[in-house]
Amino acid sequence: MDLLAILDRINGVLWGTPSLVLLFGTGLLLTFMLRGLQFRRLLYAFKLAFTKEGQASSKDEGDVSNFKALMTALAGTIGNGNIAGVATAITLGGPGAIFWMWIVGLLGMATKYAEALLAMKYRVKNENGEYSSGPMYYVERGLGKKFKWLAIAFALFGAFAALGIGNSVQSNTIADVMETSFGVSNVVTGFLLAGLAALIIFGGLQRISKVAGFFVPIMAVFYITGAVIILLLNFDQIIPAFQTIFYYAFNPVAAAGGFVGVVVSEAIRNGVARGIFSNEAGLGTAALIAGNAKTDHPVKQALVAMTGTFIVTIIVCTMTGLVLVISGFWDPTGGQISGVAHEAGLDGGALTSAAFASVLGAVGEYIVAFSIIFFGFSTIVGWYVYGEKCFEYIAGTKGISSYRAVYILACGIGAVANLTTVWAFADMANALMMIPNLIALILLSKVVVRETNDYFNNHFKAASTNMKKVS
């Protein structure tokens, strides 16, 4: 039995019914307990994230602004999961997988809110005077020493997962696009990525947050603009595309041409797995960076963090999915996947690139190519923060330099590894992070509700009254 077969068997267990129930159940529980806060307070959350109202004062403790914390989190989140991941979900689960990505995203907003809130509440200062946060801290400090094993489990899986989902998957997809679009060999790309990653990573959190704050907004607008142009040129196909997505969310896709066909359970499994990969709600990654933000109340940063899930899933992933469906790059009965894309063996980022190129020509191909390169690289440096936080919890700050070396090495190796194997490895790592984090969120859900009520019953009303007096 080869490595891929072993990983597939492990993922079949890890992403089975119990894990899906735990994931959906946690999102539903938090949505119910918070009375749909992710819908009621969404506009206010965006206001905090992108206007002066959300800016921290000089008295607020933290390492970076809440905007930079969000951009660093988005750097680790808006990546090839939104471009290559959506294409892979459709290839393996049909267009109905997009629907299940939406469900994961909408419920995941409450989950990510809870992660960030607990991160702020239970954050600590490390030996270097910087804040450290994450599931391992809210498990240990919120649940007590008897749950220390759960905190260690998350930290181990998180440090391990950073090498996959945030590193080797990204470098592998970048290398694939560099070879397809520019003729650069995977080996050369691996060396370049490892060198650039080392240059930024050794600059610490401040340099990483500056790079993220610069690149993420620019590349998000660049990619979304390209997708919007395609949708406008095919405006009459948008409604049918949504109908296709909803139909195949609950109906199997028949085998045709080179397409093997998929059942509804595969649409759900791939939609959920790729949804988690794209927005990371439930993995606990939001908690690993949220605690570094400057703010006067945990709820404010939690609301800001929640907007990231909406941006990633409801906006970016939807754009990618609609382009793939409208351009016909999924259709087994007469679309490109049976005539061109599938027979050419296109998958992941290459499939999305071909879909963009089918409408916009070479310009479309380069939009996706540069988006994958910059999104992917920002994810590599963003996820390093996550891996370092997890490793620091286990080994302390003195062992960080050795983890940096391993992380940079994995970046180079990922560029030359097999695509399918790398994705399977990432799925396994995601599940291993997710399970202990979701257990902790359920056990600490009452704390989340209590802090939320405290803010909106006291601080929020006081702030609103002061604003009215000033005006």
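Residues numbered from 1 in each chain as written. Predicted model: local features only at pLDDT ≥ 70, side-chain atom pairs only at ≥ 80, totals over all residues. Heavy atoms only, no water.

### What about the environment of Ile314?
Here is the rule we go by: Only DSSP runs of H or I covering at least 4 residues are called helices, and only runs of E covering at least 2 are called strands; the numbering of each starts at the N terminus. Any two residues whose heavy atoms approach within 4.5 Å at even a single point are treated as in contact.
By the secondary structure assignment, Ile314 is in helix 16 (residues 298-326). Measuring from C-alpha to C-alpha, the distance between Ile314 and Ile103 comes to 9.6 Å, with 211 residues separating the pair along the chain. Contact partners of Ile314, with chain neighbours within four places excluded, come to Trp102, Leu106 and Thr309.

### Focus on the packing of helix 8 (residues 135-143) against helix 9 (residues 148-162)
Spelled out, the test is: Axes, fitted as lines to C-alpha atoms, cover a helix only where it is in contact. Angles between the N-to-C directions of the axes lie from 0 to 180 degrees. Note that the term roughly parallel is reserved for angles under 35 degrees, roughly antiparallel for angles over 145, roughly perpendicular for angles of 65 to 115, and oblique for everything else. Amino acid classes used here: Ala, Val, Leu, Ile, Met, Phe, Trp, Tyr, Cys and Pro are nonpolar; Asp, Glu, Lys and Arg are charged; the rest, including Gly, are polar.
Helix 9 packs onto helix 8 with a crossing angle of 175° between their chain directions and a minimal axis gap of 8 Å. One way to sum up the angle between helix 8 and helix 9 is to call them roughly antiparallel. Counting all contacts with helix 8, which are made through Pro135, Met136, Val139 and Glu140, the residues of helix 9 involved are Lys148, Leu150, Ala151 and Phe154. Split by residue class, the contact of helix 8 with helix 9 holds six nonpolar, no polar and two charged.

### Thoughts on the packing of aromatic side chains
Which entries qualify depends on this criterion: Aromatic pairs are defined between Phe, Tyr and Trp rings, using the six-membered ring for Trp, whenever the two ring centres lie within 6.5 Å; interplanar angles under 30 degrees are classed as stacked, those over 60 as edge-to-face, and all others as tilted. Per-residue accessibility, obtained with a 1.4 Å probe over protein chains only, is compared with the maximum for each type, and a residue is labelled buried under 20%, exposed over 50%, and partly exposed between these values.
Tallied over the full model, the rule gives 21 aromatic pairs. Aromatic side chains Phe46 and Phe310 sit 5.8 Å apart centroid to centroid with 85° between the ring planes, which places their arrangement in the edge-to-face category. Taken together, the positions of Phe46 in helix 4 (residues 42-50) and Phe310 in helix 16 put the pair 264 residues apart, joining distant regions of the chain. Residue Phe46 is classed as partly exposed on the basis of its relative accessible area, which comes to 22%. Measuring from centroid to centroid gives 4.9 Å for Trp383 and Tyr386, while their planes differ by 75°, and the two rings are edge-to-face. On the criterion of helical spacing, the pair formed by Trp383 and Tyr386 is a turn pair, its members being three residues apart in helix 19 (residues 362-395). Trp383 sits in the buried class, given a relative accessible area of 0%.

### Points about the nonpolar core
Quick note on the threshold: Here, the term nonpolar core denotes a set of buried Ala, Val, Leu, Ile, Met, Phe, Trp, Tyr and Cys residues that are joined through side-chain atoms within 4.5 Å.
Ranked by size, the top nonpolar core spans 144 residues in total, and within it Tyr113, Leu118, Tyr138, Leu303 and Tyr407 carry the most contacts. Counting residues per element, this core draws most heavily on helix 7 (residues 96-121), which supplies 16 residues.

### Things to note about the confidence of the model for the protein
Selection rule: pLDDT is a per-residue confidence score from the predictor, ranging from 0 to 100.
Scored by pLDDT, the protein comes out at a mean of 81, with 84% of its residues at no less than 70. Below a pLDDT of 50 lies the segment residues 465-471, which in the model reaches one contact outside its immediate sequence neighbourhood of four places, other chains included.

### Some details on the pattern of salt bridges
The test is simple: For this analysis, a salt bridge means a side-chain nitrogen from Lys or Arg found within 4 Å of a carboxyl oxygen belonging to Asp or Glu.
In total, this model carries four salt bridges according to the counting rule given. For Glu140, the salt bridge is made with Lys148, and the minimal N-O distance between the two is 3.2 Å. The network of salt bridges with common partners includes Glu140, Lys145 and Lys148.

### Re empty space enclosed by the protein
How we decide: Computed over the protein atoms alone on a 1 Å grid, cavities are sets of points where a 1.4 Å probe fits but cannot get out and pockets are open sets with protein on both sides within 12 Å along at least five of seven lines; a residue lines them when it has an atom within 4 Å of a point. Grid points are joined across faces, edges and corners, and a volume is the space filled by probe spheres set on the points.
Overall, the coordinates contain four cavities of 30 Å³ or more when judged by the stated rule. Considering only enclosed or pocket space, the second largest cavity measures out at about 40 Å³ in volume. Along the walls of the second largest cavity sit Leu23, Phe24, Gly27, Val104, Leu107, Gly108, Thr111, Ile276 and Ala281, which together make up its complete lining. Elements with a contribution of two residues or more to the lining of the second largest cavity: helix 2 (17-33) and helix 7. Broken down by class, the residue content of the lining of the second largest cavity amounts to six nonpolar, three polar and no charged.

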